[in-house]
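Chain residues, written in single-letter form:
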Amino acid sequence: MQIAIVGSGGREHALAWKLAQSERVSRIFCAPGNPGIASEPKCHLVPLSVTDYEGLARFAITQNIGLTVVGPEVPLVGGIADRFQEAGLKVFGPTAEAAQIEGSKAWAKQLMAEAGVPTAKAEVFESKEAAIANLQTRNIPIVVKVDGLAAGKGVTVARSRDEAEEAIEKLFSGSDPETVVIEDFLEGQEASVLAFTDGKTVVPMLPAQDHKPIGEGDTGANTGGMGAYAPAPVATDEVMNKIQSRVLDPTLAALQKRGITYRGVLYAGLMISPSGDPSVVEFNCRFGDPETQAVLPLLESDLLEVMLACTDGRLAEIELKWRSDFAACVAMVSGGYPGSYDRGKIIRGLGAATGALVFHAGTTNQSDSTGKTRLVTDGGRVLGVTGRGSSLQMALDRAYGSVEQIHFDGAYYRKDIGFRAK
Ligand code: AMP
Ligand code: GLY
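Notes on the structure follow. (Residues numbered from 1 in each chain as written. Chains lettered and ligands numbered in written order. Predicted model: local features only at pLDDT ≥ 70, side-chain atom pairs only at ≥ 80, totals over all residues. Heavy atoms only, no water.)

Brief notes about the pattern of salt bridges
Under the convention used in this document: Salt bridges are defined as contacts in which a side-chain nitrogen from Lys or Arg sits within 4 Å of a carboxyl oxygen from Asp or Glu. A run of H or I in DSSP counts as a helix once it spans at least four residues, and a run of E counts as a strand once it spans at least two, with each numbered from the N terminus. Exposure categories follow from relative accessible area, calculated using a 1.4 Å probe and restricted to protein chains: below 20% of the type maximum is buried, above 50% is exposed, and the middle band is partly exposed.
Going through the model one piece at a time under the given rule, you end up with 25 salt bridges. Here Lys105 ties to Glu282 by a salt bridge, and the two come within 3.9 Å at their closest N and O atoms. Of this pair, Lys105 sits in helix α7 (residues 105-115) while Glu282 sits in strand β17 (residues 278-284), placing them 177 residues apart in sequence. Linking Asp277 and Lys242 is a salt bridge whose minimum nitrogen-to-oxygen distance equals 3.2 Å. Taken together, the positions of Asp277 in the loop between β16 (264-272) and β17 and Lys242 in helix α10 (residues 237-257) put the pair 35 residues apart, joining distant regions of the chain. Of the residues examined, Lys242 reaches a relative accessible area of 15% and is grouped as buried.

Rendered as structure tokens:
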């Protein structure tokens, strides 16, 4: 089968790397992809944008693509799966209606209320004045969120009412009128549980933990994710059972009740309370980045078979098999990220990084004046370096061992990935 992957980040590289291992996969086309994906067996890049739905559908028809896997949220929320389904094409990822679970926090909160899923108490405000007035009724810390997609950067956890008010002022200062969600602060440790679903059955992958802030000890500005590891011990078997029965199953049932068949990955971003009770911080309609770079290297099952079981409504017949190892992914980012940063820095040392999997994110090939091409940085998150081992420490040692071999000007990475599990 020929398959296509939509996206160009580390998550899509991990998807390509894993799907290429399937014996049933003959060729993989990635739109637009990155140089790391291009270097994987069976993989080819296609210069189409992730939001060129017509172009991508035409490509799938003319190239006889048996399955298109969508990585990022923007095309899913934008309706790529609807467009593919209308054309009779197989697509892994939810429709625009279902993707609102990530696209609108207000929609997701309403769904969770219908499903009885534990989550922070929240209120939605369409005017700045009403939002600010509401702050007086709340305890500190207060969580202020923008309603739409914000690439993980639309949340302020305010330690004072003034800080919350400032965040609200900022949200409403843009040209478009914003909708803001204000919610209670949840205490505990976070976990990311990505689950496969065919709309009837929902099967979690190994639990992971992301590291969103830029600084060690989870300090500083939020990023797209500075590293992840799996399995995360905070999600014990007992906690995972609660996540299944209190979060995943009722969410799917509430979607079904609305007549929505959700196919793809449902990603639950959870807060696990000190007593081991999960609450939903957010849902995403896709694989996580960088969680995918830590989770897929532990999957033994053929990913294509699992994805086809989701698109064909046969997930109940499949059993996911996992290695009994740990994996840890360390993101190497451009100096300055998540603020402004330079591109075009030469990346060296990949050949020496042999003890780990190196997933590309913001990289590109650049020709110099002599016509020689070099791999250079081309984004905030540049590489995700994943180590595996029989203990978390071994996985981390392998990841960091390879990270230390790789160099580019201004490279930054967190040195404490996995610290909550130690
Ligand atoms: P989100 O974009 O909703 O995932 O939020 C980004 C990050 O903000 C989360 O990963 C949490 O660390 C933090 N956060 C969001 N909502 C809450 C909450 N209600 N309580 C505590 N922390 C939160
Ligand atoms: N790692 C967070 C996300 O993918 O949204």
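Now that the structure has been shown, we can carry on.
Digging into the sheet that holds strand β9 (residues 180-184)
The condition that has to hold: Here, a strand pair is defined by DSSP locating no fewer than two bridges between the strands. In this description, a line fitted to the C-alpha atoms serves as the axis of each element, helices being fitted only across the stretch in contact, and the angle between N-to-C directions of two axes falls anywhere from 0 to 180 degrees.
Taken in spatial order, the 4 strands line up as β6-β9-β7-β8 in an open sheet, and their pairing is antiparallel. Only two strands of the sheet have a single partner each, and these edge strands are β6 (122-125) and β8 (155-158). Taken pair by pair, the neighbouring strands of this sheet meet at an average axis angle of 20 degrees, ignoring direction. When strand β7 (residues 142-146) meets β8, the two strands line up antiparallel, connected through 4 bridges. Counterpart to Lys145 in the pairing with β8 is Val155.

Let's talk about the site of ligand 2
Quick reminder of the rule: The nearness test applies per residue and asks whether one of its heavy atoms lies within 4 Å of the molecule or strand. What qualifies as a polar contact is a pair of N or O atoms within 3.5 Å, subject to a donor-acceptor requirement within protein and to the restriction that residues adjacent in sequence count only when both atoms come from side chains. What sets the accessible areas is the Shrake-Rupley method with a 1.4 Å probe; for residues, cover comes only from the shown protein chains. Think of it as three bins: nonpolar holds Ala, Val, Leu, Ile, Met, Phe, Trp, Tyr, Cys and Pro, charged holds Asp, Glu, Lys and Arg, and polar takes everything else, Gly as well.
Contacts to ligand 2 come from Asp210, Lys212, Gly224, Tyr267, Asn284, Arg286, Gly288, Asp289, Pro290 and Glu291. The separation between a nitrogen atom of ligand 2 and a polar side-chain atom of Asp210 is 2.7 Å. Its free accessible area being 200 Å², ligand 2 has 91% of it covered by the protein chains. Per-class residue counts for the shell around ligand 2 are 2 nonpolar, 3 polar and 5 charged.

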